[in-house]
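Coordinate inspection notes
Below, each chain spelled out in residue letters.
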Amino acid sequence: MSAPARPAPVTNLADGEWHRLHPASPLLRGGLVFIAVLGFVIANLRERAVDLLLPVFAPEADEELGPRYDEWQSDWVNDPIGGVVSHGLVGWALLAVAVVIVAVIIGFWMSWRMHTFRVTREAVEVRRGILFRSHRSARLDRIQGINVSRPLFARLFGTAKLEVSVAGQSGNVELSYLGSSLADGLRADILRLASGVRAERAAADAAAREATAPSHAAPAAAATAAAAATIDAVVAPAGTGARPDGTGDGAPAAPGTVEPGAAPAGPSRQAVGARAGALVNQRVDEFLAPELDPDLAPPESVVHLPIPRVIGSTVLGGSTIWAAILIAIIAVGVSTGQTWVLFSFVPAAIGLVSYMWSRITKSLRYSIAGTPDGVRIGHGLLSTGNQTIPPGRIHAIEATQWVFWRPFGWWSIRINVAGHSVANSNEAAQRTTVLPVGTVADVHRVLALLLPDAAAEVDPLVGAGLTGRGAGAGFSSTPRRAAWLRPFSWRRIGWAAADGVALIRRGALVRSLTLVPLARMQSVAVSAGPIDRTLRLSALRLHTVTGPVSAVLPVVDRDEASVLFERLADEAVARAASDTTHHWGALPGGAPDAG
């Protein structure tokens, strides 16, 4: 009898159908709980080992501690396993462990079965929950970025986490976990759908079919063709082990593996060894693969960070001052016998060292490059991640230079993107930092990636914005009377505008250059306190979405502030009305429809 036909693998997760995540997703999401339980069991087994080995290696100690040890052993609090053994409850304990294991397996299986997602031409939708069901939808035209992260534990399974960032707090849609290649392919498909290129194709195809179809079937044929062209557009195959009903694992099928329903291979040791070797080679290749596909971006557009620069910038960063202060306090406290200092400041010192180490490790293998679907940022050594920011999603950019970085000419760049709040801890800070540390040349290249449409007009102003002082090179000057309010930085404060981008420079101890695309500016405000009014000065603020970048011109002549207010307000309205970067794929001469 012939073997059943193998089900066709799913190669397109953006087909509008419901799919499931990788079967190991519940384990990967709850892996820390298993580690904690394993640590508890090992701690108790250690006491069992002492109980067995003590009479062998130290019989005199066993005779001395015997009565007290037996009393301690029967105490449920000190030794739960010993209490179970001494009370003759081993059978019941094993039964309870078996029930818990079965319950956990069933819970994991149900969690996986009830967690589904689909990608349509309008949104990314996720349904999850066993007792309490939830249904979340993220509109494609509101997508601010797509992040693909691969924690170390997940990389062992060949999986990745895909997160779709949308405008609004706590509105992100997370798919944890998918097969690694599936996650990359789905990211490319979502970006294509969000770019508008498929909507444009659908309209064109529908019009062509309507013109050639019989008149009585034209309306229905056009509607069907539009939907099919939008959802079932060409997608690069990303060979997986998923099945059409969505029950596949979503991971690439290892060579030699047998799908359910297929005829089993011979149970030879050579076949098993070949499959195991292929799986190991696949995992090794995934560990060594770069976070940025070399085929997506030309080599000259990529910015890499040398490891010595990453370490040096971290050591010379602002956290170094706090580390020195904490060390001095701890040293003084220990020398004077103030033990409370250890409990108060040692945890803070540990946290600071952990932050510095995390900054170094997350900056390793860092790369920034332009791709057809936006700026791609990759980072990480063991746990890796990459973020794609589509065109038209960046609301503000800031290049800053800490005073200790000045001799080396190092700068960092941060951005404001809708949905990435400053209150979302270190993870949000990582996502809003597009250049941890770079040279002036790196700053020019990154700004060209972030502002591609205005790069030619903005680039000549960048040099004066980073290190310039006073009038000239396109920047305005600040009146001398501003020195009463800004005695150290008044000569550096200034503004400029070019091709729909406002530039603001300021700062003496920490130099900064802020760039705001006027098409994404939310509002502009002028303020003046009593002292400002006396000196005929004002402050100007450009409001953007919440983020680490604040676009503020601290002091400016009052009359100049009024003129600048009207200019920015009018130009922002005009730029926003003509802006079409949110559908970059539909623009004439826009990005090609490539992954």
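None of the values given here were measured: they were computed from a predicted structure. (Residues numbered from 1 in each chain as written. Predicted model: local features only at pLDDT ≥ 70, side-chain atom pairs only at ≥ 80, totals over all residues. Heavy atoms only, no water.)

Below, the discussion takes up the overall build of the protein. Assigned secondary structure in the protein consists of 18 helices and 20 strands. By the burial criterion, 44% of the 595 residues in the protein qualify as buried. Taking all contacts inside the protein whose residues are at least 6 apart in sequence as the whole, residues at least 24 apart take part in 61%. Element-wise, carbon and sulfur atoms account for 65% of the exposed surface of the protein, whose accessible area totals about 30,100 Å². (Helix = DSSP H or I, 4+ residues; strand = E, 2+ residues; numbered from the N terminus. Buried < 20%, exposed > 50% of the residue type's maximum accessible area, 1.4 Å probe, protein only. Contact = heavy atoms within 4.5 Å. Areas by Shrake-Rupley, 256 points an atom, 1.4 Å probe, with all protein chains shown as cover.)

One way to put it is that helix α12 (residues 318-335) packs onto helix α13 (residues 340-363) with a least axis distance of 10 Å and a crossing angle of 155 degrees. With respect to α13, the axis of α12 lies roughly antiparallel. Classified by chirality, the crossing of α13 by α12 is left-handed. Contacts between α12 and α13 pair Ser319, Thr320, Trp322, Ala323, Leu326, Ile329, Ile330, Gly333 and Val334 from the former with Val341, Leu342, Phe345, Val346, Ala348, Ala349, Leu352, Tyr355 and Met356 from the latter. By residue class, the composition of the contact of α12 with α13 is 15 nonpolar, three polar and no charged. (Axes fitted to C-alpha atoms, helices over the stretch in contact; angles between N-to-C directions. Parallel < 35°, antiparallel > 145°, perpendicular 65-115°, else oblique. Left-handed = near helix turned anticlockwise from the far one by under 90°. Nonpolar A, V, L, I, M, F, W, Y, C, P; charged D, E, K, R; others polar.)

Moving on to the environment of Asn147. On the secondary structure map, Asn147 appears in strand β5 (residues 143-150). Taking relative accessible area as the criterion, Asn147 reaches 5% and is therefore assigned buried. Setting aside anything within four residues of it in sequence, one finds Asn147 in contact with Lys161, Leu162, Glu163, Ser165, Asn386, Gln387 and Arg431. A polar contact of 3.2 Å, which involves the side chain of Asn147, links it to the side chain of Ser165. (Polar contact = N/O pair within 3.5 Å; in protein donor to acceptor, adjacent residues only side chain to side chain.)

A word on the nonpolar core. The biggest cluster of nonpolar side chains holds 37 residues, and the ones touching the most others in it are Ile397, Ile413, Val443, Leu450, Leu503 and Leu515. Apart from residues lying up to four places away in sequence, Leu515 is in contact with Ala396, Ile397, Leu447, Leu451, Val458, Val501, Ala502 and Leu503. Ranked by size, the runner-up nonpolar core spans 26 residues in total, among them Leu13, Ile146, Ala160 and Leu175. (Core = buried A, V, L, I, M, F, W, Y, C linked by side-chain atoms within 4.5 Å.)

This part covers the sheet that holds strand β13 (residues 411-417). Backbone-to-backbone hydrogen bonds join strands into a sheet, with any given pair of strands oriented parallel or antiparallel. Taken in spatial order, the six strands line up as β14-β13-β12-β17-β16-β15 in an open sheet, and their pairing is antiparallel. For this open sheet the edge positions go to β14 (433-438) and β15 (494-498), each flanked by a neighbour on one side alone. The sheet shows a mean angle of 15 degrees between the axes of neighbouring strands, direction not considered. Where β15 and strand β16 (residues 501-506) come together, five bridges link them in antiparallel fashion. Residue pairing for β16: Ala496 is matched across the bridge by Leu503. (Pairing = 2+ DSSP bridges.)

Moving on to the packing of aromatic side chains. Under the defined criterion, the tally for this structure stands at four aromatic pairs. Between Phe408 and Trp410, the aromatic rings sit 4.6 Å apart at their centres with planes inclined by 15 degrees, giving stacked as the arrangement. One aromatic cluster is present, built from ring pairs that chain together Trp405, Phe408 and Trp410. A cation over a ring is seen here: Arg20 above Trp112, with NZ or CZ 5.8 Å from the ring centre. Over the face of the ring belonging to Trp18 we find Arg127, whose NZ or CZ atom lies 3.7 Å from the ring centre. (Phe/Tyr/Trp six-rings, centres within 6.5 Å; stacked < 30°, edge-to-face > 60°. Lys NZ or Arg CZ within 6 Å of the ring centre and 35° of its normal.)

Position of Ser180 among the secondary structure elements: in helix α7 (residues 180-195). At 2.9 Å, the side chain of Ser180 and the side chain of Arg150 are in polar contact.

To continue, consider the pairing of strand β7 (residues 173-179). Burial within β7 is extensive, with six of its seven residues counted as buried. In the sheet, strand β6 (residues 159-166) pairs with β7 via six bridges, with the strands oriented antiparallel. Bridged to Val164 within β7 is Val173.

The next point concerns the confidence of the model for the protein. Per-chain confidence: the protein averages 77 in pLDDT, with 68% of residues scoring 70 or above. Residue range residues 1-7 is modelled with pLDDT below 50. Its contacts to residues more than four positions away, or to other chains, number eight contacts. Taken together, the stretch residues 214-266 has pLDDT below 50 and engages in 103 contacts with residues farther than four places along the chain or on a different chain. (pLDDT = per-residue confidence, 0-100.)

Turning next to the pairing of strand β10 (residues 374-379). Counting buried positions over the six residues of β10 gives six, a clear majority of the element. Pairing of strand β9 (residues 367-371) with β10, which is carried by five bridges, proceeds in the antiparallel orientation. Looking at the pairing, Gly370 lines up with Val375 of β10. Counting the residues in the hairpin turn of β9 and β10 gives two residues. The sheet contact formed by β10 and strand β11 (residues 384-389) spans five bridges and is antiparallel.

For the structure shown, the criterion picks out 14 salt bridges. In this structure, the salt-bridge partner of Arg414 is Glu398, at a minimum N-O distance of 2.7 Å. Pair noted here: Arg414 is in strand β13 and Glu398 is in strand β12 (residues 394-401), with a separation of 16 residues, a long-range link. When its relative accessible area of 29% is taken as the criterion, Arg414 is described as partly exposed. (Salt bridge = Lys/Arg side-chain N within 4 Å of Asp/Glu carboxyl O.)

Another aspect to go through is the packing of helix α11 (residues 307-315) against α13. Following both chains from N to C, one finds α11 and α13 inclined at 155 degrees, their axes separated by 10 Å at the closest point. In terms of orientation, α11 lies roughly antiparallel with respect to α13. Crossing of α11 over α13 shows right-handed handedness. Here Val310, Ile311, Ser313, Thr314 and Val315 of α11 come into contact with α13, specifically with Met356, Arg359, Ile360 and Ser363. Among the residues making up the contact of α11 with α13, the classes are represented as five nonpolar, three polar and one charged.

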